[in-house]
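# Structural features, examined
Now for the letters of each chain:
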Amino acid sequence: MHPHLKEDLSAFDAILDRARSMAVDYLSSLDSRPAAASQPVDLPAHIALPEGGEGAQAVLQRFERDYSPLLSGSPGSRYFGFVTGGGTPASLAADWLVSAYDQNTQRNGDTCAATIELQAVDMLRQLLGWPAEWTGVCVTGATMANYVGMALARQWIGHEHGRDVAADGLHGMPATAVFSGSAHSSTLKALSMAGLGRNAIRQVPQLRGREALDVDALEDALREHGDRPSIVVASAGTVNTVDFDDLAAIARLKQRYRFWLHVDAAFGGVAAASPRRRALMAGIEAADSVTVDAHKWLNVPYDCAVVFTAHLPLQVEVFQNHSAYLPPPEPLPDHYLHLTPENSRRFRALPLWMGLLAYGREGYAEVVERNCAAARHLGELIAADARFRLAAPVRLNVVCFAPVGADANAIANLQRALHRDGTAYMSPSVLNGEPILRAAICNWRTTDADIDRTFAALQRLLSN
Ligand SMILES: *Cc1c(COP(=O)(O)O)cnc(C)c1O
């Protein structure tokens, strides 16, 4: 055995203790360290590969000294960029164990890991109040979940044309139309990966002043499209204003038009954990496939999402994986090898499973409501200061705003100043063609005190 491997094998405990103390140091610094690493992170892209190596202890030490100060504070309570969750204690502990256990969750057989995934996905389904007939699998993120949704839709459309696309490909098939009012950019990527093409998107007009699609306009588009099958990608939570398409009205159109309904509920879907928000997603039972991220509002560490579907057999047609030493594919919900884009896969369900068991329905509902209350509070502070304006009503957990009279440059400067200041981090965005700042509040730790600190920093930076 190589000397460093041998030495590390006998020092396994000490090495993990060291990692543990690094983790604790990092987590306890979240409140005081900058919300995001300062830009630009000035590190070389090339370092020499050592001949003999340094051993784990030395590498941990080197990382802690030279690199850990450059990490983002993104699991902290004032990181409001993109749509970013943190990791609850239960999910984080589980995530550590996932690496220690190192299970390959391909299918049920030699480990309980596959059954844990069934339980985790089913508990998530219960949390959100979604149909018991649906099955779901873990993938790396909403982008992959959207990809699985598009691949299933493609297979369904193939059958509508008398074709098995998984077996024979798309060649010679008519182009597919994908109707959507506000598809997330990852849906375009998914369409590219699925061979349907980014240009398959047909933009449906939105309701005035909203990011929700106009269902009458969707019906016109479907009618015009005729009796050819198509795809509708609905949004359950847009990234700027957290707007929801009217799923019940879209579901009713399914009685008259032939389309696959995919719902991107990456983070907005988690609002259903709070019973008072369920109505936002009325009609979702009619969906054919649904995307939910675990690493956003469910506060599971990266990376984990779930894609649900009502069409397990189609999923097997698309993702089945034959080999001499594997059983033939059957439509069983825990034969992940035949259900997901990956073959070998991490025990990704455990952090979700432990989180759901640790905090239950009430815990997740509390995070949703506390985050929505924090967003409302920030909205009120902004509305009460004449130097700022809300760019959209605060619907759920995202706040879009700008300094009054600020041009694109001034907004970019304020965003950069806040980033440098380190009190909080927000992403720049564009709403109705206008540049804005955007705070997405998804972290299980965030309280109104974080909002007060953040707004005080914005006021101070605007005065400078
Ligand atoms: C974040 C997000 C995605 C992409 O999710 P990843 O987890 O980053 O792959 C897709 N759709 C919506 C609505 C999102 O908010």
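First, a word on scope: everything that follows refers to the structure included in this document.

## With respect to the overall build of the protein chain
The helix and strand inventory of the protein chain stands at 14 helices and 12 strands. In terms of C-alpha radius of gyration, the protein chain reaches 24 Å, essentially the compact-globule figure of 23 Å for 464 residues. Taken over the C-alpha atoms alone, the protein chain extends approximately 65 × 60 × 45 Å along its principal axes. Every one of the 464 residues in the protein chain was classed for burial, and the buried ones make up 52%. Restricting to contacts in the protein chain with at least 6 residues of sequence separation, those with at least 24 account for 74%.

## Points about the pairing of strand S12 (residues 434-440)
Of all 7 residues in S12, 5 are buried; the element is thus mostly enclosed. Pairing analysis gives 4 bridges linking strand S10 (residues 398-403) to S12, with the strands arranged antiparallel. The residue bridging valine 398 from the neighbouring strand is alanine 440, located in S12. As judged from the 5 bridges shared by strand S11 (residues 425-431) and S12, these two strands associate in the antiparallel manner. When the bridges of S12 are listed, serine 429 appears paired with isoleucine 436. Connecting S11 to the next strand, S12, in antiparallel fashion are 2 residues, including asparagine 432 with a positive phi near 50 degrees.

## Focus on the pattern of salt bridges
All chains considered together, the criterion is met by 25 salt bridges. A salt bridge links aspartate 122 to arginine 125; its shortest N-O distance comes to 2.9 Å. Remark: arginine 125 and aspartate 122 occur in helix H5 (residues 113-128); sequence separation between them is 3 residues, near one turn of the helix. Residue arginine 370 is joined to glutamate 366 by a salt bridge in which the shortest nitrogen-to-oxygen separation is 2.8 Å. Of this pair, arginine 370 and glutamate 366 both sit in helix H12 (residues 349-384), 4 residues apart, roughly one helical turn. With relative accessibility at 22%, the residue arginine 370 sits in the partly exposed group.

Conventions used here
Residues numbered from 1 in each chain as written. Predicted model: local features only at pLDDT ≥ 70, side-chain atom pairs only at ≥ 80, totals over all residues. Heavy atoms only, no water. Helix = DSSP H or I, 4+ residues; strand = E, 2+ residues; numbered from the N terminus. Rg over C-alpha atoms; globule rule 2.2 N^0.38 Å. Buried < 20%, exposed > 50% of the residue type's maximum accessible area, 1.4 Å probe, protein only. Contact = heavy atoms within 4.5 Å. Pairing = 2+ DSSP bridges. Salt bridge = Lys/Arg side-chain N within 4 Å of Asp/Glu carboxyl O.

Everything listed here is a matter of geometry and, on its own, says nothing about what the molecule does.
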